Amino acid sequence: MRATVFILAGSAAAYTDIDHKPFMRKNIDPIVYPGQYVSHMHTFYGSDAVTKDLPTTADLQKGCPSGENPNDMSVYWVPTLYYVNGDKYTEIYPYTFKTYYEEIDHAEIPFPTNFRAVAGNASAKSQSDIDEKVSAITWWCDGSGPEDRNSRPRAAFPRSTCSGHIQVILKFPDCVDPNKITDYTYASLHGGRCPPNMKRLPLLRFSVRYDARKIVPQGWKGVPPFKLACGEIGDGYCFHGDFINGWFEDAGKTLLQAKGRNFMQIDGAHGKGKVPFGSTGCKTRDRDPNHGTDDYLKSLEMMAGHRN
């Protein structure tokens, strides 16, 4: 068990977290472009039962998990990050990808079956396209810095070499209409409460750390040679995330029992909430390996063909 206490706004807040490993990079987005291979590149975590087609919760629960909690068969994805050197694009692998389920004290219902959501703005090109107070999108150097967020746009990449990792966070909507689960919003947009027709969910937050120093040992000063698959060199504005609920029903209900407990490990019928990676005996893989691409330049060609 963990003894971690997570502090928000000066007071303890009920939460749990799950560490995930990436299992696939591919030019698909089953929420935005279902059935097509025309998306920019994404890196996928969670249940590997995801292809170009929009999966149901039941579909995801038939897959293998890349996370440490076998009770969470949700799938999560974000735009792939690259180091750019001339015309060569090298993926910067995540050091950690964690999903935090926070503010459980305020949650009224578990995530509905087949619930899906998108957070962030994949078309963002400047800080003015970001509402940090809502989605929390911010890039910075973890550990001992350097801290430069007050001297640059906060959703852009750090302008000096990080002593540790580059980190980014993203919050998801936490209100949903149970009778029309495609309608969702942020409580923070409504004075901290959900609209009358909606119920409060646990607040999902992505936290990603990238090992940029490993791939750029010489470091950088000024605009860094990094590019998200959705954006331009040096700009982190378009960072976004997608989520499709795959929690088993019993564990989803247990998640709400974390109220008032600070951190709580979410166990369930499918195992303990913290198990070693690879210990489930179920190996993640690309379920559609002969279609789409994991090559950045090829993905650009397929996107261009779609637009034409």
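This text gives an overview of the structure that appears in the document. (Residues numbered from 1 in each chain as written. Predicted model: local features only at pLDDT ≥ 70, side-chain atom pairs only at ≥ 80, totals over all residues. Heavy atoms only, no water.)

**Some points on the nonpolar core**
In a soluble, globular protein the nonpolar side chains are often hidden away together inside. Ranked by internal contacts, the top residues of the largest apolar core, which has 53 residues, are Y101, Y210, F226 and F239. Here this core takes four residues from strand β16 (residues 203-210), the largest share from any one element. Ignoring sequence-local partners within four residues, the contact set of Y210 consists of V78, P79, L81, I92, Y93, P94, Y95, W139, H165, I166, V168 and F239. If you look at the next biggest cluster of nonpolar residues, it comprises ten residues, including Y37, V50, L60 and V75. (Core = buried A, V, L, I, M, F, W, Y, C linked by side-chain atoms within 4.5 Å. Buried < 20%, exposed > 50% of the residue type's maximum accessible area, 1.4 Å probe, protein only. Helix = DSSP H or I, 4+ residues; strand = E, 2+ residues; numbered from the N terminus. Contact = heavy atoms within 4.5 Å.)

**Looking at the side chain of S39**
Relative to the assigned elements, S39 resides in the loop between β4 (22-26) and β5 (42-46). A relative accessible area of 1% means that S39 is categorised as buried. Polar side-chain contacts of S39 include one of 3.3 Å to the side chain of H42. When neighbours within four sequence positions are excluded, S39 is seen to be in contact with N27, I28, D29, Y33 and M303. (Polar contact = N/O pair within 3.5 Å; in protein donor to acceptor, adjacent residues only side chain to side chain.)

**Things to note about the sheet that holds strand β11 (residues 138-141)**
In spatial order, the strands read β3-β9-β16-β12-β11; together these five strands make up an open sheet with antiparallel pairing. Unpaired on one side and paired on the other, β3 (16-20) and β11 mark the two borders of the sheet. Adjacent strand axes in the sheet meet at a mean angle of 20°, parallel and antiparallel pairs treated alike. Summarising the sheet, strand β9 (residues 94-102) and β16 pair through eight bridges and their orientation is antiparallel. Paired with K98 across the bridge in β16 is S207. (Pairing = 2+ DSSP bridges. Axes fitted to C-alpha atoms, helices over the stretch in contact; angles between N-to-C directions.)

**A word on the layout of surface pockets**
Roughly 290 Å³ of volume is contained in the largest pocket. Lining of the largest pocket is provided by 19 residues; of these, Y33, S39, H40, C230 and M303 occupy positions nearest its centre. If one sorts the elements of the lining of the largest pocket by residue count, helix α5 (residues 296-307) sits on top with five residues. Tallied by class, the residues present in the lining of the largest pocket amount to ten nonpolar, six polar and three charged. (1 Å grid on protein atoms, 1.4 Å probe; cavity = no way out; pocket = protein on both sides within 12 Å on 5 of 7 lines; lining within 4 Å. Points joined across faces, edges and corners; volume = space filled by probe spheres on them. Nonpolar A, V, L, I, M, F, W, Y, C, P; charged D, E, K, R; others polar.)

**Looking at the packing of aromatic side chains**
Summed over all chains, the structure comprises 25 aromatic pairs. Through pairs of rings, three or more aromatic residues link up here, namely Y45, Y76, F97, Y101, F111, F115, F172, Y184, F206, F243 and W247. One cation-aromatic arrangement involves R205 over Y100; the distance from NZ or CZ to the ring centre is 4.3 Å. (Phe/Tyr/Trp six-rings, centres within 6.5 Å; stacked < 30°, edge-to-face > 60°. Lys NZ or Arg CZ within 6 Å of the ring centre and 35° of its normal.)

**Section: the sheet that holds strand β13 (residues 175-177)**
Pairing is antiparallel in the open sheet, where three strands are placed in the order β14-β13-β15. Each edge of the open sheet is held by one strand with a lone partner, namely β14 (180-185) and β15 (199-200). In the sheet, β13 pairs with β14 via three bridges, with the strands oriented antiparallel. Across the sheet, residue D177 finds its bridge partner in β14, namely K180.

Just distances and angles here, no functional claims.
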